[in-house]
Structures are given as C-alpha cells and as structure tokens.
Amino acid sequence: MPDADKIFNAKNNLIFPGFIDVHTHMRDSTLEYKENFVTGTSAAVAGGFTTILDMPNTVPPITSVKELIHRKHTAKNTILCNMGFYCSPLSGKDIKELINEGAIGFKIYLHKPFEDQDLSNNNIMEIMLEIKKNNSILCVHAEDYSFSGNSESTSSNKAEVLAINKIINLVKQINCKIHFAHISTHEGLEIIKKHKNVLNISCEATPHHALLDKNDASDNFGYCEPKLKDKTDRESILKGIIDGSIDIVATDHAPHTIAEKKNLKKPGFPGLETT
Ligand code: NCD
Ligand code: ZN
C-alpha cells in the first residue's frame, strides 16, 4: 500500500467498501429541475455509493445510440462517482450497437413501454435472444401492462405476479440473464425463489419495500411504483434480504419536486442518502 495522506482512526466503526447501486434514476438534462449530475452523484457519495447504474427512463429515454452518447457526454466531467448506463431497446436489432457504445445492461418497463416500443412476447423474445447472444442482461420492471395507469388498483400484487410469470415463461425458452427490479410482493418473491436454481435470474428489493407498507405512507409522498404493499409483503421482502433469496438491495432513487409529488402524484422518491 502507498503511504496515505490522511489517517483516520475508525475504531468502533464499521468499514464498508463503496456501495454499488444497480437502480438509480439520475435526472439531469431535461429533468434538471429535479436533480442534476452534480447534486445526484453528491447524494450518492454522501450515502456511501461509489458506483451507480442509471435507469433509461430519462426524457427523451435512452433507447438509441444517439441518446446514450448524449447521456455519457453530459455526465463526463460532472459526475462525482462511477456511473453505468442502462438502455431500453426498441427491438433486438438495437442491442449490439448499444453494447458497443457501452450500455451496461438493458431495462424494460412492462407496464409503461416507451413510444415506438413494442413489448409483445415476440419482440421481448427477440430482445432476449440478442441479449443472450451478446452476454448482457435484461432488467425487468415486472408489473403487467393491464394494470398501467391504474395506480388505485388494489390488486397490484397480481400485476407483479402476472408479469413475473410471463417473463419466466419466456426465459424458459431463451435462457437469457434476467434481473427482476424492486420485487415488492410475497407471491412474486416465491415464484422467483422457485425458479432461481434452474434459470439464470436474480432479483433486487428496495429499503422502502422491506421496511414500509401501505399503512406507513399512504399519501402522495409515499407513492412509488411498484407501490408499497401489505404488511405480509413487507415482512417477506425483509426476510428475503436476510436469507439471501433477494440478491441485491437497490435504492430506486427517483426524486421529484414537492409540487409534482403533491399535485401530480408522481411515483418515486430519493433513496441514495437514505438507503
Ligand atoms: C421511477 C421514476 O420516477 O423515474 N419512479 C418510481 O416510482 N420508481 C420510475 C420507475 O422506476 O417506475
Ligand atoms: Zn426505478
């Protein structure tokens, strides 16, 4: 080891390596009024994160090489921690060139496809085939399309279950690497656990789904997607983190302005400093 400039006495403290957040919605660019690369990555570092993976639902979304290059370009010389960029493919044909441009992985939102994005089973299978061929990974926001726009729906456990089952059926045919983002239900976790030993799948959960349920934060400020669920769901998510059936704790850091939370019920809240 080289000599250090500064020596800290960490006696009686826990020492961790820099954390990696695999699920950050860093804003910047057209969403700079919520957060920019400097404030967002400052929050990351303050929370102990030294690497974050950025989600593609920016405005416009990162669905093309052009937008990926723009995102990387704006991040350059402004970010204060390492950053990887997820992309959302419009079709299988996009995969290779996005990887060549540095895409860290791919993400689809089953409940909210982007403009011109066809998330029929056929197109998802084509995307999976290309991802497998290029040894990358597909991260899935698993809430079924039939529940989209219906934030009051009381059956959103079913939305997660339907979506996970659909993806697992496709993975059984293609066997591409899948990562399930923010699992929030007891039933969803059970399905993933059942298939984990045979399929190449992993999953994450957020601190909010592990520690809060719908009774703790029922106003707009507590609204996120997937939304907070029942006490039994919360307990099984926490148990899954402890017993290792949930592979990763991720923040789903997704800040909005107070007015947007209050008046527009925008989903999500900051997570990098609280996780
Ligand atoms: C995310 C956002 O605002 O970007 N919101 C959220 O509640 N997690 C979008 C998303 O991940 O669905
Ligand atoms: Zn998210």
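Above: the structure in question.
Residues numbered from 1 in each chain as written. Chains lettered and ligands numbered in written order. Predicted model: local features only at pLDDT ≥ 70, side-chain atom pairs only at ≥ 80, totals over all residues. Heavy atoms only, no water.

### Some words on the coordination of the zinc ion (ligand 2)
When a metal holds four donors in a tetrahedron, each ideal angle between them is 109.5 degrees; when it holds six in an octahedron, the ideal angles are 90 or 180 degrees. Taken together, the protein donors to the zinc ion (ligand 2) comprise His23 (NE2), His25 (NE2) and Asp252 (OD), at separations of 2.0 to 2.2 Å. Metal-centred angles of 86 to 154 degrees between the 4 donor atoms at the zinc ion (ligand 2) mark the site as irregular. Spacing between the donor residues of the zinc ion (ligand 2) along their common chain follows H-x1-H-x226-D. A residue pair is termed long-range when its members are at least 10 positions apart, and His23 in strand 1 (residues 19-24) and Asp252 in the loop between strand 8 (248-249) and helix 9 (258-264) qualify at 229 residues. For the pair His23 and Asp252, one class covers both residues: buried. (Donors = N, O, S within 2.8 Å, 3.2 Å for Na, K, Ca; no water. Tetrahedral: all angles 85-135°; square planar, octahedral: opposite > 155°, others 65-115°. Helix = DSSP H or I, 4+ residues; strand = E, 2+ residues; numbered from the N terminus. Buried < 20%, exposed > 50% of the residue type's maximum accessible area, 1.4 Å probe, protein only.)

### Here we look at the pairing of strand 3 (residues 82-87)
With respect to burial, strand 3 is a largely interior element, 5 of its 6 residues being buried. With 4 bridges connecting them, strand 2 (residues 49-54) and strand 3 associate as parallel partners. Along strand 3, the bridge assignment pairs Asp54 with Phe85. In this structure, strand 3 lies alongside strand 4 (residues 105-109), joined through 2 bridges in parallel fashion. Within strand 4, the position partnered with Tyr86 by the bridge is Gly105. Crossover strand 3 to strand 4 through helix 3 (residues 95-100) is right-handed. (Pairing = 2+ DSSP bridges. Right-handed = clockwise from strand over helix to strand, strands pointing away.)

### Focus: the packing of aromatic side chains
Any pair of aromatic rings gets described here by the distance separating the centres and the angle formed by the planes. Considering all chains together, one arrives at 3 aromatic pairs under this definition. Aromatic side chains Phe19 and Phe49 sit 5.7 Å apart centroid to centroid with 55 degrees between the ring planes, which places their arrangement in the tilted category. Note that Phe19 is positioned in strand 1 and Phe49 in strand 2, a separation of 30 residues in sequence. When the centroid spacing of 5.7 Å and the interplanar angle of 70 degrees are considered together, the rings of Tyr109 and Phe114 count as edge-to-face. In this structure, Tyr109 and Phe114 share a single accessibility class: buried. Taken together, Phe16, Phe19 and Phe49 form an aromatic cluster joined through their ring pairs. The ring of Tyr223 has Lys265 sitting right over it, with the charged end atom 4.7 Å from the ring centre. (Phe/Tyr/Trp six-rings, centres within 6.5 Å; stacked < 30°, edge-to-face > 60°. Lys NZ or Arg CZ within 6 Å of the ring centre and 35° of its normal.)

### Details of a nonpolar patch on the surface
On the surface, a cluster of nonpolar side chains totalling about 380 Å² of accessible area is made up of Leu211, Leu212, Leu238 and Ile242. For Leu238, the location among the structural elements is in helix 8 (residues 231-243). According to the relative accessible area criterion, Leu238 is partly exposed, its value standing at 34%. (Patch = residues over 30% accessible without salt bridge, like charges linked within 9 Å, V, L, I, M, F, W, Y side chains within 5 Å. Areas by Shrake-Rupley, 256 points an atom, 1.4 Å probe, with all protein chains shown as cover. Salt bridge = Lys/Arg side-chain N within 4 Å of Asp/Glu carboxyl O.)

### Quick notes on the pattern of salt bridges
According to the stated counting rule, one finds 12 salt bridges in the structure shown. A salt bridge links Asp243 to Lys239; its shortest N-O distance comes to 3.7 Å. Of this pair, Asp243 and Lys239 both sit in helix 8, 4 residues apart, which is roughly one turn of that helix. Given a relative accessible area of 41%, Asp243 falls into the partly exposed group. Accessibility expressed as a relative area gives 52% for Lys239, which makes it exposed.

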